Amino acid sequence: MSDTPIDRVAKATPPSVASKIRGLSDRAIAWLFVLPTIFLLLAVNIFPLIWTINLSFTNFRANRPNREVDYIGLRNYERILTDEDIWLTMQATAHFLFWTIFFQVLIGFTLAWLINRKFKGNDLWTTLIVLPMMLSPAVVGNFWTFLYQPQIGLFNYGISFLTGIDPSSFQMIGDVTLAPWSIVIVDTWMWTPFVMLICLAGLRSIPDYIYEAAEIDRASQWRQFWTITIPMVLPFLMLAVLFRGIENFKMFDLVVQLTGGGPGSITELTSINLKREAFEKWRTGYASAYAIILFVTVFGLASIYVKALNKVKER
Amino acid sequence: MSEVRLSNLSKAFGETIAVDDVTMTIPNGALVTLLGPTGAGKTTILRLISGLEQPEGGDVSIGGRSVVDDTPAQRNVAMVFQQYSLYPHMSVQDNLAFPLRSPLLKTPAEEIERKVSEIAEVLRISHKMNNKATELSGGEMQRVSIGRALVREPTIFLMDEPLSSLDAKLRSDLRIELKRIQENLGATLLYVTHDQIEAMTMSTHVGVLDHGRLVQFGTPREIYENPVNLYVAGRLGQPRINVLPADMFAGAPAGADKMGLRPEHIQQGEGKGSMVKRIEHLGDQIRLHLTLDGHDVVTLSEPHSDLEPGDTVAIQPRNPLFFDASGVRIT
Ligand SMILES: Nc1ncnc2c1ncn2[C@@H]1O[C@H](COP(=O)(O)OP(=O)(O)OP(=O)(O)O)[C@@H](O)[C@H]1O
Ligand SMILES: [Mg+2]
């Protein structure tokens with residue numbers, strides 16, 4: 001006797017209900033309700049995934065649908081994993097991920113900590129700080145290209161004001177060493193408020209009485225920070241990191257607007273790279289394999305991370 | 001351990017006057033109990049002593065030195081909070097060790113270990129050492145909270161209803177343990193309770209609070225036998241003191257308006273007849289609810305008495321307490 005959810009629903013349904021709708025058994029009715037959802041799920045999720053896996057073993061090109069398709073085994077995977085350029089792209093992505101998360105957590109937590117000290121007007125400050133997050137990434141990318149302008153850009157002017165370097169002597173977007181940092185700066189500017197909000201929620205969740213007890217137990221401010229504040233905010237912080245990690249792994253719009261992946265392909269993150277392969281070079285089979293590799297990577301990293309997160313929450 | 005002195009201490013929260021001009025000395029090595037109904041200002045007094053609250057007026061001195069400008073850490077007091085206030089993300093072990101792990105104290109790890117397990121033994125929470133603080137019952141949390149105070153060597157222990165969540169047996173066991181520890185250490189302890197037995201048996205002194213004011217301060221026997229007014233008389237004694245018009249029986253002194261009768265002030269067998277309304281069997285004693293000329297009187301009787309509702313018992317007072325019209329004690 002099988003015990004699927006549908007069976008259980010059928011068993012739980014009183015006979016009177018079933019008998020009113022004659023001609024169909026309870027099981028049939030249950031299936032009727034579930035089928036549209038199952039169909040939708042198959043159509044938009046499962047089928048494309050399987051089809052992508054299938055394509056990843058072929059040399060199919062979507063711009064030449066009539067050409068004969070050959071199965072080439074693991075050739076696509078082999079080529080991707082041995083491709084220097086792809087490794088560079090991966091490195092650029094890792095660099096971008098690491099530094100954006102690093103700065104956003106550092107600055108976001110500090111801001112949250114400052115805002116959480118009860119001072120006058122901290123609500124106004126919160127609103128002001130959160131503003132960048134509410135803008136569209138395309139708009140942000142666009143106006144930061146102006147800010148980065150060597151001649152008229154405010155960013156270059158600000159740097160020169162602070163350090164005395166000539167503002168037109170460096171180009172944030174055009175320079176090979178500076179360009180990766182230019183996107184890190186903009187993403188940090190835009191998304192630090194998000195991390196701050198989550199940290200603030202964490203800090204506000206710590207009741208005052210815990211600090212009072214620590215005060216009575218003669219713990220210094222420093223010790224209170226490390227033994228109470230940090231451990232109790234940590235689950236929130238890790239959640240913020242997870243959100244930012246997932247978001248930034250698929251980062252596209254902001255960087256396309258800012259640098260377009262350049263100069264050369266220095267700021268070409270995997271998502272941009274993938275899009276090029278799939279929809280500019282039309283190497284559909286190759287791009288499918290690429291997508292599968294990324295999927296497995298992200299899936300693996302995320303599940304390790306979520307395990308760690310759960311462990312921290314249990315503590 | 002030190003003497004703690006409160007002089008003209010006052011604290012208000014907006015309109016509410018929580019503590020009103022309290023002057024009280026907690027002698028070195030004494031166990032002082034604060035009695036008072038809910039909202040009387042007991043917790044506020046503890047918080048003022050610990051430094052978590054700043055007084056509006058008056059002074060707190062510990063060991064002869066004014067500490068009003070000191071931080072809680074500088075005052076070196078240990079406190080058992082009414083709502084436990086454990087560190088929720090730490091284990092019981094870590095909660096108990098937290099005060100000892102201060103980098104300033106430089107207590108060796110094995111010393112901490114020894115102290116913590118010793119206290120855990122006394123408080124019967126050794127088997128829960130690895131539980132998180134949130135994975136405990138109310139009574140267990142309360143004992144961890146007591147333990148966190150007892151591992152220390154403070155100037156004064158402040159305990160806010162520390163045994164209130166425990167079952168009757170554990171409560172009476174720990175009452176004796178606490179008293180023993182306090183005596184062994186020669187510790188000064190300020191203790192808040194609603195429990196009559198704790199107040200009477202543990203304390204060297206009792207302070208009775210009414211709306212933030214200290215109404216009477218003395219030994220438990222003084223408070224019980226010589227209350228300064230009706231309010232204090234009503235705080236101790238089970239069943240509660242009976243209040244009757246002073247002229248119900250002959251022999252009231254001049255100016256007396258009310259007469260207070262505790263069960264031991266009521267002699268049965270002679271005097272005015274009263275009707276038995278209800279009988280409560282408490283096991284070791286029997287509580288009689290009587291009506292005397294339209295006034296309710298509650299008193300005790302032998303466990304084996306064969307009285308029944310409707311019977312008549314003759315009663316008369318024996319050395320009762322007399323109060324004037326404003327409730328102040330006369331004799
Ligand atoms: N932080 C606060 N803000 C405003 N009012 C307060 C605050 N703390 C205490 N009060 C008020 O001060 C008065 C005394 O409170 P306190 O907590 O000292 O009472 P308590 O004697 O400990 O009562 P209980 O037996 O219920 O614990 C109460 O009226 C209370 O409402
Ligand atoms: Mg209280």
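Further up the page is the structure itself.
Read on for a plain summary of the structure.

Thresholds applied
Residues numbered from 1 in each chain as written. Chains lettered and ligands numbered in written order. Predicted model: local features only at pLDDT ≥ 70, side-chain atom pairs only at ≥ 80, totals over all residues. Heavy atoms only, no water. Patch = residues over 30% accessible without salt bridge, like charges linked within 9 Å, V, L, I, M, F, W, Y side chains within 5 Å. Areas by Shrake-Rupley, 256 points an atom, 1.4 Å probe, with all protein chains shown as cover. Salt bridge = Lys/Arg side-chain N within 4 Å of Asp/Glu carboxyl O. Helix = DSSP H or I, 4+ residues; strand = E, 2+ residues; numbered from the N terminus. Buried < 20%, exposed > 50% of the residue type's maximum accessible area, 1.4 Å probe, protein only. Near = heavy atom within 4 Å. Polar contact = N/O pair within 3.5 Å; in protein donor to acceptor, adjacent residues only side chain to side chain. Nonpolar A, V, L, I, M, F, W, Y, C, P; charged D, E, K, R; others polar. Pairing = 2+ DSSP bridges. Axes fitted to C-alpha atoms, helices over the stretch in contact; angles between N-to-C directions. Contact = heavy atoms within 4.5 Å. Buried area = accessible area lost by both parts, 1.4 Å probe. Donors = N, O, S within 2.8 Å, 3.2 Å for Na, K, Ca; no water. Core = buried A, V, L, I, M, F, W, Y, C linked by side-chain atoms within 4.5 Å.

This paragraph deals with a nonpolar patch on the surface. Residue and element names in this part refer to chain A. A surface patch of nonpolar side chains, amounting to about 810 Å² of accessible area, comprises Trp31, Phe33, Val34, Leu35, Ile38, Leu41, Leu42, Ile46 and Ile50. Summarising the element assignment, Val34 is placed in helix H3 (residues 26–55). In this structure Val34 comes out as partly exposed when scored by relative accessible area, which is 31%.

All names here are of chain B. Inspection of the region around ligand 1 gives 13 residues, with Thr38, Lys42, Thr43, Thr44 and Gln82 positioned closest. Thr43 places a polar side-chain atom, nitrogen or oxygen, 2.5 Å from an oxygen atom of ligand 1. Within the contact set of ligand 1, an oxygen atom lies 2.8 Å away from a side-chain nitrogen or oxygen of Gln82. At three residues, helix H1 (residues 42–50) tops the list of elements feeding residues into the shell around ligand 1. Class assignment of the residues belonging to the shell around ligand 1 gives a composition of three nonpolar, eight polar and two charged.

Right, let's talk about the sheet that holds strand E17 (residues 321–323) of chain B for a bit. Residue and element names in this part refer to chain B. Spatial ordering of the open sheet is given by E11-E12-E17, a layout of three strands whose pairing is antiparallel. The strands lining the two open edges of the sheet, one partner per strand, are strand E11 (242–245) and E17. Looking at each pair of strands side by side, their axes are set apart by 30° on average, direction ignored. Across four bridges, the pairing between E11 and strand E12 (residues 258–261) is antiparallel. Across the sheet, residue Pro245 finds its bridge partner in E12, namely Lys258.

We now examine the interface of chain B and chain A. In this assembly, 25 residues from chain B lie in contact with 18 residues from chain A. For the pairing of chain B and chain A, the buried interface totals around 1,900 Å² over both sides, and the portion due to carbon and sulfur atoms is 60%. If you sort the residues of chain B by the area they bury against chain A, B:Tyr87, B:His89 and B:Phe98 come out on top, with a joint share of 28%. Taken together, the links from chain B to chain A amount to three salt bridges. Between B:Arg152 and A:Asp217 there is a salt bridge; the shortest N-O distance is 3.6 Å. Of all elements in the fold, only H1, helix H2 (72–75) and strand E6 (77–80) of chain B reach the threshold of two or more residues within the side of chain B that touches chain A. Considering each element in turn, the side of chain B that touches chain A owes the most residues, three residues, to E6(B). A breakdown of the residues in the side of chain B that touches chain A according to their chemical character gives 14 nonpolar, six polar and five charged.

With distances of 1.8 to 2.2 Å, the protein atoms coordinating the magnesium ion (ligand 2) are B:Thr43 (OG1) and B:Gln82 (OE1). A residue pair is termed long-range when its members are at least 10 positions apart, and B:Thr43 in helix H1 and B:Gln82 in the loop between E6 and helix H3 (92–97) qualify at 39 residues.

Moving on: the nonpolar core. With 56 residues, the main nonpolar core has B:Leu6, B:Ile45 and B:Leu190 as its most contacted residues. Broken down by element, the residue count for this core peaks at seven residues, all from helix H11 (residues 221–249) of chain A. Not counting chain neighbours up to four residues away, the residues in contact with B:Leu190 comprise B:Met24, B:Ile26, B:Val32, B:Leu34, B:Ile45, B:Leu46, B:Ile49, B:Ile156, B:Phe157, B:Leu158 and B:Met159. With 36 residues, the next largest nonpolar core counts B:Leu31, B:Leu100, B:Ile146 and B:Tyr191 among its residues.

A few words on H1(B). Residue and element names in this part refer to chain B. Extensive coverage of H1 is indicated by the burial of eight of its nine residues. Buried within H1 we find Lys42, Thr44, Ile45, Leu46, Arg47, Leu48, Ile49 and Ser50. With its phi angle positive at about 95°, Gly51 sits one or two positions after the end of H1.

Purely geometric numbers; function is a separate question.
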